[in-house]
Amino acid sequence: MIIPLEKIISDYGMKIQGVIHIGGHRGQEIEKYKETGIQNGIFFEPQKLPFMECYVKSKQAGYETYNLALGNKSCRIDMNTAVPQLGMSSSILPPAKHLEQYPDIPFEGTEEVQMTTLDSFLNEGNINLDDYNFINIDVQGYELEVFKGAKKTLERIDYVYSEVNRDEVYENCAMVEDLDLFLSDYNLVRVLTDWGGETWGDALYVKNKK
């Protein structure tokens, strides 16, 4: 997270029952979630190697981790894999401007992963959404497709922290305005944006309940 979790909780009076973290990678945020008192957590990480580390950390913290990609359909799909940092920049989408901006991060292959939708996963698992009102998503330009598969879930979500793009970092990735428009249907309004990556950044969306 570019924007510190404690800051957004404090500045926006966020009351987080639980987090659905999409793109968990190695579970870098798990310790911070526990420190801020978040009791419930579900992590999704499709790549096998980072998943194993995320799984161990989440179990120790009392959270759950699943070796799944999320999108707008259920299928097997190839993920474009970046080698450094256990695939931190890997994406369902092929890299575009990312290759120019980060020439030291090569994409050297693919990994077949299982994809499902968040709505179907939560429904089939009988997950109580009263325990989860915060989505943290970082899937390298594929965020809009994940949201398309999470329409029922978004009706119950109060906060979304998402990576956003203002250039084609990955081929045909959604721009921040696309996410703004889609999430507005669920009364989720962008209240904070940090363009720490210049062409990409992080944004916080908060549900307008008025």
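Residues numbered from 1 in each chain as written. Predicted model: local features only at pLDDT ≥ 70, side-chain atom pairs only at ≥ 80, totals over all residues. Heavy atoms only, no water.

**So, the overall build of the protein chain**
Phase 1: Of the regular secondary structure elements, the protein chain holds nine helices and ten strands.
Phase 2: For 210 residues, the compact-globule formula gives about 17 Å, and the C-alpha radius of gyration of the protein chain, at 16 Å, lands near that figure.
Phase 3: By principal-axis analysis of the C-alpha atoms, the protein chain measures approximately 45 × 35 × 30 Å.
Phase 4: Considering only residue pairs separated by 6 or more positions, the protein chain has 69% of its internal contacts joining residues 24 or more positions apart.
Phase 5: Split by element, the accessible area of the protein chain, about 9900 Å² in all, is 47% carbon and sulfur.
Phase 6: If the 20 positive side-chain charges of the protein chain are averaged to one point and the 34 negative ones to another, these points end up 6 Å apart. (Helix = DSSP H or I, 4+ residues; strand = E, 2+ residues; numbered from the N terminus. Rg over C-alpha atoms; globule rule 2.2 N^0.38 Å. Contact = heavy atoms within 4.5 Å. Areas by Shrake-Rupley, 256 points an atom, 1.4 Å probe, with all protein chains shown as cover. Lys, Arg positive; Asp, Glu negative; His and termini not counted. Charge placed at Lys NZ, Arg CZ, Asp CG, Glu CD.)

**Looking at the pairing of strand β7 (residues 134–137)**
Phase 1: Across the two faces of β7 the burial is the same, with Phe134 and Asn136 and Ile135 and Ile137 all buried.
Phase 2: Bridge analysis of strand β1 (residues 18–22) against β7 gives four bridges, and the strand direction is parallel. Residue Val19 lies in a different strand from β7, and its bridge partner there is Phe134.
Phase 3: Across four bridges, β7 lies against strand β8 (residues 159–165) in parallel orientation. Residue pairing across strands places Phe134 opposite Tyr159, the latter belonging to β8. (Buried < 20%, exposed > 50% of the residue type's maximum accessible area, 1.4 Å probe, protein only. Pairing = 2+ DSSP bridges.)

**Quick look at the side chain of Ser91**
Phase 1: Assignment of secondary structure puts Ser91 in the loop between α4 (84–87) and α5 (97–101).
Phase 2: Judged by its relative accessible area of 1%, Ser91 is buried.
Phase 3: One polar contact links the side chain of Ser91 to the main-chain amide nitrogen of Leu93, over a distance of 2.9 Å.
Phase 4: Residues in contact with Ser91, not counting those within four places in the same chain, are Met79, Asn80, Val139, Gln140 and Tyr170. (Polar contact = N/O pair within 3.5 Å; in protein donor to acceptor, adjacent residues only side chain to side chain.)

**Let's talk about the environment of Gly197**
Phase 1: With respect to the element layout, Gly197 can be found in the loop between β9 (188–194) and β10 (200–207).
Phase 2: Given a relative accessible area of 5%, Gly197 falls into the buried group.
Phase 3: Sequence separation of Gly197 and Lys209 is twelve residues, and the distance between their C-alpha atoms is 31 Å.
Phase 4: Once residues lying within four places of it in the same chain are set aside, the contact partners of Gly197 are Gln101 and Tyr102.

**Remarks on the sheet that holds β9**
Phase 1: As summarised here, the arrangement of the seven strands in space is β3-β2-β1-β7-β8-β10-β9, forming an open sheet in which the pairing is mixed. Looking along the sheet, the strands with just one partner apiece sit at the ends: β3 (64–66) and β9. With direction set aside, neighbouring strand axes in the sheet form an average angle of 20 degrees.
Phase 2: The sheet contact formed by β1 and strand β2 (residues 40–44) spans five bridges and is parallel. Considered in β2, the bridge of His21 is made with Phe43.
Phase 3: Packing against the sheet, helix α3 (residues 48–61) makes contact with β2 and β3, and its axis sits at approximately 165 degrees to β3.
Phase 4: Along the sheet, helix α9 (residues 176–184) contacts β8, β9 and β10; its crossing angle with β8, the most-contacted strand, is approximately 155 degrees. (Axes fitted to C-alpha atoms, helices over the stretch in contact; angles between N-to-C directions.)

**Digging into the packing of aromatic side chains**
Phase 1: For the coordinates displayed, the defined rule picks out eight aromatic pairs.
Phase 2: Pairwise contacts between aromatic rings join Tyr33, Phe43 and Tyr63 into one cluster. (Phe/Tyr/Trp six-rings, centres within 6.5 Å; stacked < 30°, edge-to-face > 60°.)

**Some details on the sheet that holds strand β5 (residues 75–82)**
Phase 1: The mixed open sheet is built from three strands, whose spatial order is β4-β6-β5. Strand pairing shows two members of the sheet lacking a second neighbour, β4 (69–70) and β5, which therefore form its edges.
Phase 2: Of the pairings in the sheet, the one linking β4 to strand β6 (residues 107–116) comprises two bridges and is parallel in character. What sits directly across from Ala69, in β6, is Met115.

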